[in-house]
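# Descriptive analysis of the structure
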Amino acid sequence: MDAAATSEARRAELVTLFKAVSSCTACPLAETRTQVVFGAGNADAELMFVGEAPGFHEDQQGLPFVGAAGKLLESLLAGIGLSREDVFIGNVLKCRPPGNRDPQADEIEACQEHLFRQIELIQPRVVATLGNFATKLLSGSPVGITRVHGVEQRVRLGASEVLLYPLYHPAAALYTRAMLAVLEQDFARLPQLLGKGPVASESAPPEPVPVRVALDPESQLGLF
Ligand code: SF4
């Protein structure tokens, strides 16, 4: 899509994509999922998160990051003055692997076009990958998250050039204090990467959160 395409046109395309992906049967996960978890958030987000795959709760509710890892993600976002309504959250796979096993190569290959199209339509400035699977897919490199977390890299994804920013997956930081501390440190750089300068001090008044109108209340797209 033309980089200069209007926000309305990109949103309309995103809804079209949502409807198409909702009935996708391109890999065997279609047979075991409860529903497709397309992703949710702000269709004009400057910051997009890409996790691994839906888990049990996501599969049940049709929304990404609604379990404990999602709560941690919301807390980390609040720490830099953002909320879920400001960002878009998705996954490499749109359907839950049985038993939350790791995504398989053929599943990633089948599903990746949906993710690349999402990025093309949302046009985020920064794509923060959460964990190994998203990082390796979008960086195009086999180097793991332990070595590349917290280091931004400029990458071209289809027609879009974005700043890729690898982070540990919140689920990995839930029970490991040291990893949580690293994740918090890496998160603290996000405002700078978004061109918004350093994080405001605690005494500064919070930025007003813009009110957004639901794009399509009939659907579960969850766009704001
Ligand atoms: Fe389609 Fe992706 Fe779901 Fe596989 S995981 S059925 S490719 S949407």
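This part takes up the side chain of Arg-33. As for its placement among the helices and strands, Arg-33 is situated in the loop between α1 (7-21) and β1 (40-41). For the buried Arg-33, no salt bridge exists, and the shortest N-O distance to an oppositely charged side chain is 7.0 Å, to Asp-59. A distance of 2.7 Å separates a polar atom in the side chain of Arg-33 from the backbone oxygen of Cys-24. Dropping the residues within four chain positions of it, Arg-33 is found in contact with Ser-22, Ser-23, Cys-24, Asp-59 and Cys-95.

Burial of the side chains of strand β3 (residues 88-91) extends over both faces: Phe-88 and Gly-90 are buried on one face and Ile-89 and Asn-91 on the other. Bridge analysis of β1 against β3 gives two bridges, and the strand direction is antiparallel. Along β3, the bridge assignment pairs Ala-40 with Ile-89. Note: strand β2 (residues 47-51) against β3, four bridges, orientation parallel. Across the sheet, residue Val-50 finds its bridge partner in β3, namely Gly-90.

Counting 31 residues, the largest nonpolar core has Leu-14, Val-50 and Leu-138 as the members making the most contacts within it. Where this core is concerned, the elements lending two or more residues are α1, β2, α4 (105-122), α5 (132-139), β5 (153-157) and β6 (160-167). At seven residues, the largest contribution of residues to this core is made by α4. Every residue in contact with Val-50, bar those within four places of it in the chain, is listed here: Gly-90, Asn-91, Val-92, Leu-115, Val-127, Ala-128, Thr-129, Leu-130, Ala-134 and Leu-138.

Conventions and cut-offs
- Residues numbered from 1 in each chain as written.
- Predicted model: local features only at pLDDT ≥ 70, side-chain atom pairs only at ≥ 80, totals over all residues.
- Heavy atoms only, no water.
- Helix = DSSP H or I, 4+ residues; strand = E, 2+ residues; numbered from the N terminus.
- Buried < 20%, exposed > 50% of the residue type's maximum accessible area, 1.4 Å probe, protein only.
- Lys, Arg positive; Asp, Glu negative; His and termini not counted.
- Salt bridge = Lys/Arg side-chain N within 4 Å of Asp/Glu carboxyl O.
- Polar contact = N/O pair within 3.5 Å; in protein donor to acceptor, adjacent residues only side chain to side chain.
- Contact = heavy atoms within 4.5 Å.
- Pairing = 2+ DSSP bridges.
- Core = buried A, V, L, I, M, F, W, Y, C linked by side-chain atoms within 4.5 Å.

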